[in-house]
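Coordinate analysis (summary)
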Amino acid sequence: MAFLDINNVSKKFGKTNAVNNFNLQIAKGELVSFLGPSGCGKTTTLRMVAGFEIPTEGNIVIDGQDMTNKPPNQRPVGMVFQAYALFPNMTVAGNIGFGMKIQKKPQDEIEERVKEMLDLIHMPGFGPRYPHQLSGGQQQRVALARALALRPQVLLLDEPLSALDAKIRVALRAEIRAIQQKLAITAIYVTHDQEEALSISDRVVVMNNGFMEQVGPPFEIYNFPKTEFVAQFVGTLNGAKAEVIDPAARLLKLDSQKIQTSQNMDHLKSGDIVTIAIRPERISFASEGMKTNVLDVKVDTITFLGSIVRIQVLLGQFTFFMDTFNNPYLELPKIGEEVKITFSNEAVLLPNGGKRE
C-alpha cells in the first residue's frame, strides 16, 4: 500500500484548470520529483498536499489518513520554500526550533533537537548566528532543518535551489538527497530543472498544462519518453518527420534516406508520416563497412561545451545535433564537410507510440 495517495485530484481557479485528474501513489521513503515548465501545475499540486490549497475534486491520503480538507498545521508535512523564509530577527537555532516552540515542547527537548538538526545539515556551531550572516546555501540548509525538526512524515520541497548559484545547487541537491535517504522520509521535490529531477529522484512526474505526461524512474523518462512533450522537454532531442516505408520491417524514410527503428510499427501503414526522436549522444560518425542507419549529412556548426562537443549537421531539410565526449586528441570534421553519421535501431524513438500525423 502506498504511503502517500494523491487520488484523482483536480484544481480549478475560476474557469482555469490548474491540475487535471492527478493520480499518484508514493511509497514510504521514496523521493518523487514533479518536473515541468512554469504554469504546468506542479506547485499547485504540492500546495494541495501541504494543505495551502484544497482540491476541487479528489482526495489526498497520508499513511491511511484522509488529509484532503485538513489545514496545513494538522498535516504531518514539512515544507521548504523557494525563498528561504527564515525569520531575520531570530538566530539559526531560533528558526530551527520555532515550530517546536509553537507546539510548546520543553526547552531542553528543543535544544537537543536543534543540535541534532545542525549536525545533520553540517552546520554545528552556527546556532547563535542570524540569517544575514549566512550564505544562500547555508540559509537553505537551515530552512531544511526547520522543516525536518518537527519529524514530518512527508517532506515537500518547492524549487528549493533555484535562487542559488550553479555549483552550490549541485552540492546542495546531493546533500538533500543524502539527508532524505538517511532519514528514509517520503519526499516530493518540485523543479523545472531536468538535471535536478533526474539526479535526485526515485521517480519523476513530468507535467504539462495541468496533466501528468509520464511517470517513471529517471532512466526510463530520459531514454523511453512516451509522449512528444516528454521527449522534447527532458534532455536535448533531435526531432523529425519520417515516412513509413515498411511497418513489418520497421523501415522509415527520413528526407530521401532509409532508417530503421526497433519500435513496433504494426499499427502503422506504408505512407504514414510519424514523428521520430533521436538523442544527440546516440549519434556518431560512421565507420567503413557500416550499413544500418548510415546517413549522408553536411557539417554545419561545431560548438565546444567543455566535456562535450556538439556538432550540428544538415540532413536535407532537417537539422540534427550529435554529441561526442571531448578529449585533447579529438579529430573533428571541418564545417561544410560532407560526412556519414550512424545510430542504432534502438536510438530511433517514436514518441506518442508512433502516432500517425
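Residues numbered from 1 in each chain as written. Predicted model: local features only at pLDDT ≥ 70, side-chain atom pairs only at ≥ 80, totals over all residues. Heavy atoms only, no water.

**Structural notes on the packing of helix α4 (residues 107–120) against helix α5 (residues 136–149)**
Operational definition: Axes here mean lines fitted to C-alpha atoms, for a helix over just the part in contact, with angles spanning 0 to 180 degrees between N-to-C directions. Secondary structure elements follow DSSP: runs of H or I of four or more residues count as helices, runs of E of two or more count as strands, with numbering from the N terminus. The labels follow the angle: roughly parallel below 35 degrees, roughly antiparallel above 145, roughly perpendicular from 65 to 115, and oblique for the rest. By definition, any crossing whose near helix is turned counterclockwise from its far helix by less than a right angle is left-handed, and any crossing with a clockwise turn is right-handed. A contact between two residues is defined here by any heavy atoms of the two lying within 4.5 Å.
Relative to each other, α4 and α5 sit at 135°, their axes nearing to 10 Å. The orientation of α4 with respect to α5, classified from their angle, is oblique. Every pair of crossing elements has a handedness; the one defined by α4 and α5 is right-handed. Residues Arg113, Met117 and Leu120 of α4 lie in contact with α5, whose contacting residues are Ala145, Leu148 and Ala149.

**Quick look at the nonpolar core**
Stated precisely, the cut-off is as follows: Throughout this description, the term nonpolar core refers to a set of buried Ala, Val, Leu, Ile, Met, Phe, Trp, Tyr and Cys residues connected via side-chain atoms within 4.5 Å. Accessible area is worked out with a 1.4 Å probe on protein chains only. A residue is then buried under 20% of its type maximum, exposed over 50%, and partly exposed in between.
Among the nonpolar cores identified, the biggest contains 34 residues, and Ile96, Val142, Leu144, Leu148, Leu155, Leu157 and Ile176 are the most heavily contacted of them. Put simply, the parts of the chain that give this core at least two residues each are α2 (92–96), α4, α5, β7 (154–158), α6 (166–183) and β8 (186–191). Per-element accounting of this core gives the leading share, seven residues, to α5.

**What to know about the sheet that holds strand β19 (residues 338–342)**
Our working rule: Paired strands are those between which DSSP finds at least two bridges.
If you trace the five strands from one edge of the open sheet to the other, you get β15-β19-β16-β17-β18, paired in antiparallel fashion. Unpaired on one side and paired on the other, β15 (284–285) and β18 (318–325) mark the two borders of the sheet. Pairing analysis gives two bridges linking β15 to β19, with the strands arranged antiparallel. Directly across from Phe285, in β19, lies its bridge partner Ile341.

**Quick word on the packing of α5 against α6**
Selection criterion: Lys, Arg, Asp and Glu make up the charged group, whereas Ala, Val, Leu, Ile, Met, Phe, Trp, Tyr, Cys and Pro make up the nonpolar group; the residues left over, Gly among them, are polar.
It is at 11 Å that the axes of α5 and α6 come closest, and there the two elements cross at 20°. By the angle class used here, α5 and α6 are roughly parallel. For the crossing formed where α5 meets α6, the hand is right-handed. Each of Gly137, Gln140, Arg141, Leu144 and Leu148 in α5 lies in contact with α6, whose residues at this interface are Ile168, Leu172, Glu175, Ile176, Ile179 and Leu183. Each residue belonging to the contact of α5 with α6 can be placed in one class, and the counts come to seven nonpolar, two polar and two charged.

**Considering the side chain of Asp323**
Put simply, the rule reads: Polar contacts here mean pairs of N or O atoms no more than 3.5 Å apart (in protein, one a potential hydrogen donor and the other a potential acceptor; neighbouring residues in sequence count only if both atoms are side-chain atoms).
Secondary-structure assignment places Asp323 in strand β18. Residue classification places Asp323 among the buried residues on the basis of a relative accessible area of 15%. Side chain to side chain, Asp323 and Arg310 meet in a polar contact 2.8 Å long. Sequence-distant contacts of Asp323, defined by excluding residues within four places in its chain, comprise Pro280, Glu281, Ile283, Ile308, Val309 and Arg310.

**Thoughts on unusual backbone geometry**
In the Ramachandran plot, Asn21 falls in the positive-phi region, its phi being about 50° despite a non-glycine side chain. Of note, Asn21 is situated in strand β2 (residues 16–26). The backbone of Asp255 shows a phi angle near 60°, a positive value even though the residue is not glycine. With respect to the element layout, Asp255 can be found in the loop between β12 (251–254) and β13 (257–260).

**A short note on the environment of Gly39**
Mapping Gly39 onto the fold places it in the loop between β3 (31–35) and α1 (42–50). Take Gly39: its relative accessible area is 69%, and that puts it in the exposed class.

**A look at α4**
What counts, and what does not: By this rule, a helix spans an expected 1.5 Å times one less than how many residues it contains. Throughout, the arc means that of the directions going from the helix axis to the C-beta atoms.
The first and last C-alpha atoms of α4 sit 20 Å apart over 14 residues, in line with the 20 Å expected at 1.5 Å per residue. For α4, the set of buried residues is Ile110, Arg113, Val114, Met117, Leu118 and Leu120. In a view along the axis of α4, the buried residues occupy a sector of 155°, so they form one face of it. What points out from α4, more than 90 degrees from its buried face, is the exposed set Asp108, Glu112 and Lys115.

**Some thoughts on a negative patch on the surface**
The condition that has to hold: For patch detection, residues must exceed 30% relative accessible area and be free of salt bridges, and they are connected within 9 Å for like charges or within 5 Å for nonpolar side chains (Val, Leu, Ile, Met, Phe, Trp, Tyr). Residue burial considers only the protein chains on display, and all accessible areas are found by Shrake-Rupley using a 1.4 Å probe. The salt bridge definition used is simple: a Lys or Arg side-chain nitrogen within 4 Å of an Asp or Glu carboxyl oxygen. Counting rule for charge: Lys and Arg are taken as positive, Asp and Glu as negative, and neither His nor the chain ends is counted. Throughout, a charge is located at the NZ atom of Lys, the CZ atom of Arg, the CG atom of Asp or the CD atom of Glu.
A contiguous patch of negative charge, built from Asp108, Glu109, Glu111 and Glu112, is present on the exposed surface. Turning to its location among the elements, Asp108 is positioned in helix α4.

**What to know about the sheet that holds strand β9 (residues 203–208)**
One open sheet holds the six strands; their spatial order is β6-β7-β8-β3-β9-β10, and the pairing between them is mixed. Lying at the two open borders of the sheet, with one neighbouring strand each, are β6 (77–80) and β10 (211–216). Direction aside, the axes of adjacent strands within the sheet are offset by 15° on average. Pairing analysis gives four bridges linking β3 to β9, with the strands arranged parallel. Within β9, the position partnered with Leu35 by the bridge is Val206. This element, α5, spans β6 and β7 of the sheet and lies at about 170° to β6.

**Some words on the pairing of β7**
Most of β7 is tucked away, with five of its five residues classed as buried. With burial as the criterion, each face of β7 is covered, one bearing Val154, Leu156 and Asp158 and the other bearing Leu155 and Leu157. Where β6 and β7 come together, four bridges link them in parallel fashion. Within β7, the residue paired with Val77 across the bridge is Val154. Sheet analysis places β7 next to β8, joined by five bridges and oriented parallel. Each bridged residue has a counterpart across the sheet, and for Val154 the counterpart in β8 is Thr186.

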